[in-house]
Amino acid sequence: MIGAQGFKGKSIQASLLAKSFGSIHALREVNLEVGAGEKVAIFGPNGSGKTTLIKVMATIMRPSSGRLHIAGMNPGENGHDVRRLIGVVSHNTYLYDDLAVEENLAFYGRMYGVENVKARITNGLRRVGLERRSRDRVRTLSRGMQQRLSIARATLHEPPILLLDEPDTGLDEAGQAQLWEMLTSGYADEPTVVMTTHNLKLGMSLCSRWTVLVDGEIVSEVAKENSSSESFQALYRRYAGAGT
Amino acid sequence: MRAFRRSIDVTPGLGRSFVAMGDGLTAAISISRAAVGPPSFFRQVGAILWKDLAVELRTKDILSSMLVFGLIVLVIFNFAFELRGENLILVAPGVLWVAFVFAGILGLGRSMAQEKERSSMEGLLLCPVDRGAIFVAKMLGNLIFIVILEAITLPIFAAFFNLPVLTPGVGLIVVLGTLGFASVGTLFAAIAINTRAREVMLPILLFPIIVPVIIASVKATAFVLDGKPWAEIWPWVNLLIAFDVIFLAVCFVTFEYVIGE
Amino acid sequence: MSAVSGKGGVPTRKGDNLVNILGFVSFLLIAASMYMGLVFAPEEAVQGPAQRIFYVHLPQAVGSYIAFFLVFLGSIFYLWKGDVKWDVLARSSAEVGVLLTSLVLITGSIWAKPIWNTWWTWEPRLTFTLVLWMIYVAYLMLRWASEGKQGARYAAVLGIVGFFDVPIIFLSVFLWSKGLHPRPAGMDPGMLAALIVSIFAFLLLFTYILIQRWRWETSKEMVEEMKLKLGR
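Model, not experiment: these values are computed from the prediction.

Cut-offs used in this document
Residues numbered from 1 in each chain as written. Chains lettered and ligands numbered in written order. Predicted model: local features only at pLDDT ≥ 70, side-chain atom pairs only at ≥ 80, totals over all residues. Heavy atoms only, no water. Core = buried A, V, L, I, M, F, W, Y, C linked by side-chain atoms within 4.5 Å. Buried < 20%, exposed > 50% of the residue type's maximum accessible area, 1.4 Å probe, protein only. Contact = heavy atoms within 4.5 Å. pLDDT = per-residue confidence, 0-100. Axes fitted to C-alpha atoms, helices over the stretch in contact; angles between N-to-C directions. Helix = DSSP H or I, 4+ residues; strand = E, 2+ residues; numbered from the N terminus. Parallel < 35°, antiparallel > 145°, perpendicular 65-115°, else oblique. Left-handed = near helix turned anticlockwise from the far one by under 90°. Nonpolar A, V, L, I, M, F, W, Y, C, P; charged D, E, K, R; others polar. Buried area = accessible area lost by both parts, 1.4 Å probe. Salt bridge = Lys/Arg side-chain N within 4 Å of Asp/Glu carboxyl O. Polar contact = N/O pair within 3.5 Å; in protein donor to acceptor, adjacent residues only side chain to side chain. Patch = residues over 30% accessible without salt bridge, like charges linked within 9 Å, V, L, I, M, F, W, Y side chains within 5 Å. Areas by Shrake-Rupley, 256 points an atom, 1.4 Å probe, with all protein chains shown as cover. Phe/Tyr/Trp six-rings, centres within 6.5 Å; stacked < 30°, edge-to-face > 60°. Lys NZ or Arg CZ within 6 Å of the ring centre and 35° of its normal. Pairing = 2+ DSSP bridges.

### Let's talk about the nonpolar core
Right, so step 1: With 156 residues, the main nonpolar core has A:Ile12, A:Leu163, B:Ile134, B:Phe157, B:Phe188, B:Leu206 and B:Val258 as its most contacted residues.
Right, so step 2: Excluding anything up to four places from it in sequence, B:Val258 contacts B:Leu187, B:Ala190, B:Ile191, C:Tyr154 and C:Val157.

### So, the confidence of the model for chain C
Predicted coordinates in regions of low pLDDT should not be interpreted in detail.
Right, so step 1: Looking at chain C, the pLDDT average stands at 86 and 90% of residues meet or exceed 70.
Right, so step 2: Here the prediction assigns the complex a pTM of 0.87, and the interface score ipTM is 0.87.

### So, the packing of helix H3 (residues 101–112) of chain A against helix H5 (residues 143–155) of chain A
All names here are of chain A.
Right, so step 1: Relative orientation of the contacting elements H3 and H5 amounts to 25 degrees, with a least axis distance of 9 Å. Of the possible angle classes, the one that applies to H3 and H5 is roughly parallel. You can see that H3 and H5 cross each other, and the crossing is right-handed. Each of Val101, Leu105 and Tyr108 in H3 lies in contact with H5, whose residues at this interface are Leu149, Ala152 and Arg153.
Right, so step 2: Residues that form the contact of H3 with H5 fall into these classes: five nonpolar, no polar and one charged.

### Re the interface of chain A and chain C
Right, so step 1: Residue-level contacts link eight residues of chain A with six residues of chain C.
Right, so step 2: Taken together, the two surfaces of chain A and chain C that pack against each other cover about 610 Å², and 45% of this comes from carbon and sulfur.
Right, so step 3: Here chain A is connected to chain C by zero salt bridges.
Right, so step 4: Linking chain A with chain C are zero residue pairs in polar contact (both at pLDDT 80 or more).
Right, so step 5: Of the residues in the side of chain A that touches chain C, the class split is no nonpolar, five polar and three charged.

### Some points on a nonpolar patch on the surface
Residues and elements named next belong to chain C.
Right, so step 1: On the surface, Leu99, Leu103, Ile106, Ile110, Trp119 and Ile209 cluster together into a nonpolar patch covering about 540 Å² of accessible area.
Right, so step 2: Broken down by element, the nonpolar patch gets its largest block of residues, four residues, from helix H3 (residues 84–116).
Right, so step 3: Mapped onto the elements of the fold, Ile209 is located in helix H6 (residues 189–230).
Right, so step 4: On the accessibility criterion, Ile209 (31% relative accessible area) is partly exposed.

### A few points about the packing of aromatic side chains
Right, so step 1: In the structure shown here, the tally under the stated rule is 30 aromatic pairs over all chains.
Right, so step 2: Ring geometry for B:Phe77 versus B:Phe81: centroids 5.3 Å apart, planes at 10 degrees, classification stacked. Of this pair, B:Phe77 and B:Phe81 both sit in helix H4 (residues 61–81), four residues apart, which is roughly one turn of the helix.
Right, so step 3: Classification of B:Phe77 as buried rests on a relative accessible area of 19%.
Right, so step 4: With a centroid separation of 5.6 Å and an interplanar angle of 80 degrees, the aromatic rings of C:Trp120 and C:Trp122 are classed as edge-to-face.
Right, so step 5: Through pairs of rings, three or more aromatic residues link up here, namely A:Phe43, A:Trp210, A:Phe232 and A:Tyr236.
Right, so step 6: Across the ring face of A:Tyr108, the terminal group of A:Arg153 is positioned such that the distance to the ring centre comes to 5.5 Å.

### Quick word on the pairing of strand E2 (residues 24–35) of chain A
Residues and elements named next belong to chain A.
Right, so step 1: Two strands pair when backbone bridges link them, and strand E1 (residues 10–21) and E2 are joined in this way by eight bridges, in the antiparallel orientation. Opposite Ser20, over in E2, you have His25 as the bridge partner.
Right, so step 2: Linkage of E1 to E2, two consecutive antiparallel strands, is achieved through a turn of two residues, within which Gly22 is found at a positive phi near 60 degrees.

Written out as structure tokens, the structure is:
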């Protein structure tokens, strides 16, 4: 009953989702369904609309048209309920340079109304390996450490849905290897994950469904068990151009 | 008003959402035990305000630039208007308010730019927080910064021009005038930051709208300095109060349309 | 609405005809009002011929207030309903309103020169009109400086804030200085007739301009939409 197997509802349902800025299309027609506990990777070259898609799903951008449901709710109507279920890690850390590490987390803890904030902050910092820097200002952290802290920030309220926009930004090899551990080890059950990245290797190893976003449209969708990483890489190169 | 209603409504909404999601979400419920109980409107306002004040306390970014600029304005006007003798009492209130408004606009722009620079506004928008709460917090932060600027500038002004401005009457007018200025200014700073030519847009948008605040504040300050009876001053103070009430409400309601894409 | 949007919002021939008739009628009425104001109405005893500019000046002022009220309505409904036609209404009205306010300021100055012996004085009604003009010029600048739906939302917010400011500005400038503006006291029937005709004529003309502006903006929106659909 409990867990991904018995689940009927969808965490994310997007149909014909579009977003344009003036006369520029960032998203044309995105159809995407993500079940609870599922892990979906979105690959795409620069400017393909990955960040816009994450921002629209994270409710910080309004879609121009199309339908979006998060956990069966319309973000336009139940914005706060939706936001509470979502954690976002992106190339923007959403941290305040002049606040200390623990102050940043305490701030977000208060914004989300997290209980037992102290204990959760300690746990989170331990998970991302920053417990010894808790009193330092974010300004003094390296980019990779800031990214780790950003992961602790996004998971502080244990959201069942994680939206990751190039979460490996700034992380070194060790950090990339620990990325999954840092993100999900605090959970009792697997969270739903949608992740964008240009890092094919990382995305393919972490996610069970691979999609390609080009020019604001999902042009290809492959389940891990039906494809080999070699053939998917070849496919992706065809869409994204030989350079990648 | 909607904001308050919403923050109360949230709990049943959350319950509904879990039902809507079906069995699998039992997982989410157990997970979200950490995040039960929506934070109240005022707790979130407090959190954002605390964050802004803490950052400013460490960087002194906004206050120092406002203060230096305000002083420069005072000195420049001294040369421009020969602020001595008979001239003084007529021109001084205007000089004082122009210094406040110019320096204040600098602070308004700066505080919104800080949110923009590292996309922290997006971080705020991710949170389950009423857009009205963000407005109230940013507005209070701006109000506090500008009032601190004024509290430092007033004694200097009094010393420079030997005028008795350190009275409760002037204090009241300053706070009321600044409240109206800060509320419209917070709204427009959020607009200007996302436009072309953003530094120019804020004064262009703000100055015409706050004409009543400037007229009323200058007049009321002049009357107080002139020793006029309060019966003559009240109409101006009432005008300030009316402006404050109307625009706090209008800006609170419209703020949600100016943030986010 | 019916004159503007035919099938699917496309301006039609029939709409064209109606608008053309409106334009022709307002042209005739303007000509009539010119005759009434310049020839038919008796000369004012104190001000002499200068007073005749009033038959142009007052309709412009009335028109500009109506235009700014339409900006407010369009803004409110745009934020509420999100339909772009309200935004088009607000933006067309703002342009017409700024045009009229500019004319009000110019005709006022022309009148003031012989009567008050100055082009400009900080009289409350003049000050009020000038501040109003600044607000809506800022509105047009904001439209220029921002884009798409975000720009439309920004403008709508300014349209609402500006409108709520109008009575407060009015109050403050009247408290600020004494008024000199002539008050209509016991008007000659000939003058009144000329005034009524000219107000009617000018309002018709402004409606015509507004509709044309609206049609143009609607077509522009449609072109943008088609561009989007075509993909680039």
